[in-house]
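Chain by chain, the residues run as shown.
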Amino acid sequence: MSSTSSLAVAALIAELPDGVVVTDPDILESYRQDRAADPSAGTPLAVVRPHRTEEVQTVMRWASTNKIAVVPRGMGTGLSGGATALTGGIVLSTEKMRDITVDPVTRTAVAQPGLLNAEVKKTVAEYGLWYPPDPSSFEICSIGGNIATNAGGLCCVKYGVTTDYVLGLQVVLADGTVVRLGGPRLKDVAGLSLTKLFVGSEGTLGVITEVTLRLLPPQHVASTVVATFDSVEGAANAVVTITGKIRPSMLEFMDSAAINAVEDKLRMGLDRNAAAMMVAATDDRGPSGVEDAEFMAGVFTEHGAKEVFSTSDPDEGEAFVAARRFAIPAVEAKGSLLLEDVGVPLPALADLVAGVAKIAANQDVMISVIAHAGDGNTHPLIVYDPADAAMAQRAQKAFGEIMDLAVGLGGTITGEHGVGRLKRPWLAGQLGPEAMELNQRIKKALDPDGILNPGAAI
């Protein structure tokens, strides 16, 4: 650390309560990367862990004055390198910001960003309410991180993504200005839709310090339908048929590699010979839910499912949902992962899965595909050995080819994980020059010195 940087950090330490600014090298090391494990990660000057909005203001005023980069970070579970530390910058972690209040009358919660998704769910459930967004990492990811990437999850097909439940925000801008956007109102079109602008902005436009969340009544107990297929295409085509008629509360896909990886760990009797498995659910109350479950079972059979299992027992159903949630760590046990997050219009789902299989064969790497199939959001998981330089190069090539494939099918390079740093080289190719330039103009207007998460997302 240079003498100038040392003086700047010392000044920040003096402005904040004891322990908020951390410079211990061992602690800094643990904040260099998020779960994407970006190999280009730098070493920050300090990690700052504020408790209050006013402390975030102090940090941003200091950073603006000293022109020092700030990388906002939640719990570090991001999968696109959005919280990769920068040498010469600081990491601003919101993990200590954990207050929450619930208003059951307006069905809203006001929360700080450091709370885990699971903690928000648990707290609002005590008031007989439900917060729907449910990433597979819901037990370890933070609400702030969910908002930063507009996270989705398994129930998106029916209930939508994070932005659908964000009614208001408190945001600290690059110069330390605090703005309040939106509030506990279901309908509000006063001014531009700035609340939506910050959702999914990956810490590049401001630091979110408080969020007003929309809540729902409790979800009804679901009926679950599980089907195995000899054909990936048959499973993908069944998705199109189902979503054309009903709105299931879950419609998830696992390929053969994921099935076997999960079975290796959980030993729950999954069919190791299946090419694909679908886990579907409906939570409609009364006979319609039963009818929807029967309809999905029938569609799976019509599209060639070799086995279909239906249950209204919540424990049985949750066991299959847990298997789907466990797919990423199960596949990760096979080797290091490059995690994709590409999405396509539903009619192109079968073409995407088939195209990924061709890329895997051409590049001679294992790629497992899991998916929130009901909304076309897939997670191809590229397995490789980073110690094998040739394999690592092939894996990186496959990573780019999958994004090119998705965009070519009318899709996106990211449905819920964010662009981060790992996918930024492909962003302009999806958006086009005009939209890319507009994104950059907005970034410049809110962060003229480019200190908020430089190199990420935009």
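Conventions used here
Residues numbered from 1 in each chain as written. Predicted model: local features only at pLDDT ≥ 70, side-chain atom pairs only at ≥ 80, totals over all residues. Heavy atoms only, no water. UniProt positions renumbered as here; feature names shortened; annotations may be inferred. Salt bridge = Lys/Arg side-chain N within 4 Å of Asp/Glu carboxyl O. Helix = DSSP H or I, 4+ residues; strand = E, 2+ residues; numbered from the N terminus. Buried < 20%, exposed > 50% of the residue type's maximum accessible area, 1.4 Å probe, protein only. Patch = residues over 30% accessible without salt bridge, like charges linked within 9 Å, V, L, I, M, F, W, Y side chains within 5 Å. Areas by Shrake-Rupley, 256 points an atom, 1.4 Å probe, with all protein chains shown as cover. Lys, Arg positive; Asp, Glu negative; His and termini not counted. Charge placed at Lys NZ, Arg CZ, Asp CG, Glu CD. Contact = heavy atoms within 4.5 Å. Domains from an automatic or database assignment. Buried area = accessible area lost by both parts, 1.4 Å probe. Polar contact = N/O pair within 3.5 Å; in protein donor to acceptor, adjacent residues only side chain to side chain. Nonpolar A, V, L, I, M, F, W, Y, C, P; charged D, E, K, R; others polar. Pairing = 2+ DSSP bridges. Axes fitted to C-alpha atoms, helices over the stretch in contact; angles between N-to-C directions.

With an unreviewed UniProt entry as reference, the protein chain is termed Glycolate oxidase, source organism Mycolicibacterium moriokaense. Looking at the Cofactor (unreviewed entry) heading of the UniProt record, one finds this comment for the protein chain: "FAD". The Sequence similarities (unreviewed entry) comment attached to the protein chain in UniProt states, word for word, "Belongs to the FAD-binding oxidoreductase/transferase type 4 family."

K.L.:
Could you clarify how one ought to interpret the pattern of salt bridges in this entry?
P.N.:
Opposite charge on two side chains allows them to pair when their charged atoms are near. As enumerated under the stated definition, the model contains 20 salt bridges in all. With its nearest N and O atoms 2.6 Å apart, the salt bridge here joins Asp 283 to Lys 158. Note that Asp 283 is positioned in the loop between strand S12 (276-282) and helix H10 (287-302) and Lys 158 in helix H6 (residues 156-159), a separation of 125 residues in sequence. The same class applies to Asp 283 as to Lys 158, namely buried. Among the salt bridges present, the one from Arg 272 reaches Asp 264, with a minimum N-O distance of 2.8 Å. Overall, Arg 272 belongs to the partly exposed group, its relative accessible area being 31%. When salt bridges that share partners are traced, they join Arg 52, Glu 54 and Glu 55 into one network.

K.L.:
Teacher, can you tell me more about a negative patch on the surface here?
P.N.:
On the surface, Asp 313, Asp 315, Glu 316 and Glu 318 cluster together into a patch of negative charge. By secondary structure assignment, the location of Asp 315 is in helix H11 (residues 314-325). Taking the relative accessible area as the measure of exposure, Asp 315 reaches 62% and is therefore exposed.

K.L.:
How should the environment of Ile 442 be read in this particular structure?
P.N.:
In this fold, Ile 442 is placed in helix H16 (residues 433-446). Considered as a pair, Ile 442 and Leu 205 are 237 residues apart in the sequence and their alpha carbons are 8.5 Å apart. Once you skip the residues sitting within four places of it in the chain, Ile 442 turns out to touch Leu 197 and Leu 205.

K.L.:
What am I meant to see in the domain arrangement of the protein chain here?
P.N.:
How large an interface is tends to be reported as the accessible area lost when its parts come together. The assigned domain composition of the protein chain is domain 1 (3-93), domain 2 (100-214), domain 3 (220-332) and domain 4 (335-424). Distance from the C-alpha centre of domain 1 to the C-alpha centre of domain 2: 23 Å. Taken together, the contact pairs 13 residues of domain 1 with 15 residues of domain 2. Where domain 1 abuts domain 2, roughly 1200 Å² becomes buried across the two surfaces, and 64% of that area is made up of carbon and sulfur atoms. At the boundary of domain 1 and domain 2, one finds four residue pairs in polar contact (both at pLDDT 80 or more). When residues in the side of domain 1 that touches domain 2 are grouped by element, the largest group, six residues, is from helix H3 (residues 53-66). Of the residues belonging to the side of domain 1 that touches domain 2, the class tally is five nonpolar, six polar and two charged.

K.L.:
Can you walk me through the sheet that holds strand S3 (residues 70-73) in this structure?
P.N.:
Sheet strands pair by backbone hydrogen bonding; their relative direction is either parallel or antiparallel. The four strands lie next to each other as S1-S2-S4-S3, forming an open sheet whose pairing is mixed. The open sheet has two edge strands, strand S1 (21-22) and S3, and neither has a second partner. Note that S3 and strand S4 (residues 90-93) share four bridges and pair parallel. Directly across from Pro 72, in S4, lies its bridge partner Leu 92. Across the face of the sheet, H3 comes into contact with strand S2 (46-48), S3 and S4 while running at roughly 160° to S4.

K.L.:
Could you clarify how one ought to interpret the sheet that holds strand S7 (residues 166-172) in this entry?
P.N.:
Within the open sheet, the five strands sit side by side as S5-S6-S9-S7-S8. Their pairing is antiparallel. Across the chains shown, the open sheet's two edge strands, defined by having one partner strand only, are strand S5 (100-103) and strand S8 (178-182). The mean inter-strand angle of the sheet, taken between neighbouring strand axes irrespective of direction, is 10°. One ladder, built from five bridges, connects S7 with S8; its direction is antiparallel. If you follow Gly 168 over to S8, its bridge partner there is Gly 182. Strands S7, S8 and strand S9 (207-214) of the sheet are contacted by H3, whose axis makes an angle of about 50° with S7. Packed onto the sheet, helix H4 (residues 117-125) meets S5, strand S6 (108-111) and S9 and runs at close to 40° relative to S5.

K.L.:
Is there a simple way to explain unusual backbone geometry in this structure?
P.N.:
Trans is the common state for peptide bonds, and a negative phi is the common state for residues other than glycine. Look at Asn 150: it is not a glycine, yet its phi comes out positive at around 55°. Topologically, Asn 150 is positioned in the loop between helix H5 (143-149) and H6. The phi dihedral of Ala 457 falls on the positive side, at around 70°, and the residue is not glycine. For Ala 457, the position within the fold is in the segment after H16. Judged by relative accessible area, Ala 457 falls into the buried class, the value being 8%.

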